[in-house]
Amino acid sequence: IRDSEHTGVWVGSSKIAAVGINVTRWWSMHGLALNVTNDLEDFSRITPCGISDAERNVCSVSSLKPGVTLEEVQEELLLAFQDLFNCELRGAVVEEAQAQ
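The rules we used
Residues numbered from 1 in each chain as written. Predicted model: local features only at pLDDT ≥ 70, side-chain atom pairs only at ≥ 80, totals over all residues. Heavy atoms only, no water. Helix = DSSP H or I, 4+ residues; strand = E, 2+ residues; numbered from the N terminus. Buried < 20%, exposed > 50% of the residue type's maximum accessible area, 1.4 Å probe, protein only. Lys, Arg positive; Asp, Glu negative; His and termini not counted. Charge placed at Lys NZ, Arg CZ, Asp CG, Glu CD. Polar contact = N/O pair within 3.5 Å; in protein donor to acceptor, adjacent residues only side chain to side chain. Contact = heavy atoms within 4.5 Å. Expected span 1.5 Å × (residues − 1). Arc of directions from axis to C-beta. Core = buried A, V, L, I, M, F, W, Y, C linked by side-chain atoms within 4.5 Å.

## Thoughts on the overall build of the protein
Helix and strand counts for the protein stand at three helices and four strands. Written out in order from the N terminus, the α and β elements of the protein read β-β-β-β-α-α-α. When its C-alpha atoms are laid out on the principal axes, the protein stretches across 45 × 40 × 25 Å. By the burial criterion, 20% of the 100 residues in the protein qualify as buried. A distance of 9 Å separates the average location of the 7 positive side-chain charges in the protein from that of its 15 negative side-chain charges.

## Focus on the side chain of Ser14
In this fold, Ser14 is placed in strand 2 (residues 14-24). A distance of 2.3 Å separates the side chain of Ser14 from the side chain of Asn57, its partner in a polar contact. If we ignore the near neighbours within four places in the chain, the residues touching Ser14 are Val9, Asn57, Val58 and Cys59.

## Thoughts on helix 2 (residues 70-85)
Along its 16 residues, helix 2 runs 22 Å from first to last C-alpha, staying within 8% of the 22 Å computed at 1.5 Å per residue. Among the residues of helix 2, Val73, Leu78 and Gln82 are the ones counted as buried. Looking straight down helix 2, one finds that the buried residues subtend no more than 165° of arc, so they occupy a single side. Residues of helix 2 that are exposed and point more than 90 degrees away from the buried face comprise Glu76, Asp83 and Leu84. One or two steps after helix 2, the chain reaches Asn86, where phi turns positive at roughly 50°.

## Concerning the nonpolar core
If you look at the biggest cluster of nonpolar residues, it comprises seven residues: Ile16, Ala17, Val36, Cys59, Val61, Val68 and Val73. Not counting chain neighbours up to four residues away, the residues in contact with Ile16 comprise Val9, Val11, Ala33, Leu34, Asn35, Cys59, Ser60, Val61 and Leu64.

Okay, here's the thing in structure tokens:
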């Protein structure tokens, strides 16, 4: 779900991923952080992403689909990326995911 006030990827009122970009001195950097199987208790000690709204929280893939593994999510993410951007990913991470 798109949230017009906050960046990231949302499932209802819970943030599951962050997407970022930075441009400095003609260099661009980008990244994706997806909560897969991490301990969500850690987020109770901070104000995640600067969002102090009590209605908002953080979730993970495993909190939505118990038992899912990092490897399963990694494979699905890579396949979805290739499909969305009509490209073929190469490298150690892709080869490792394909071998599973």
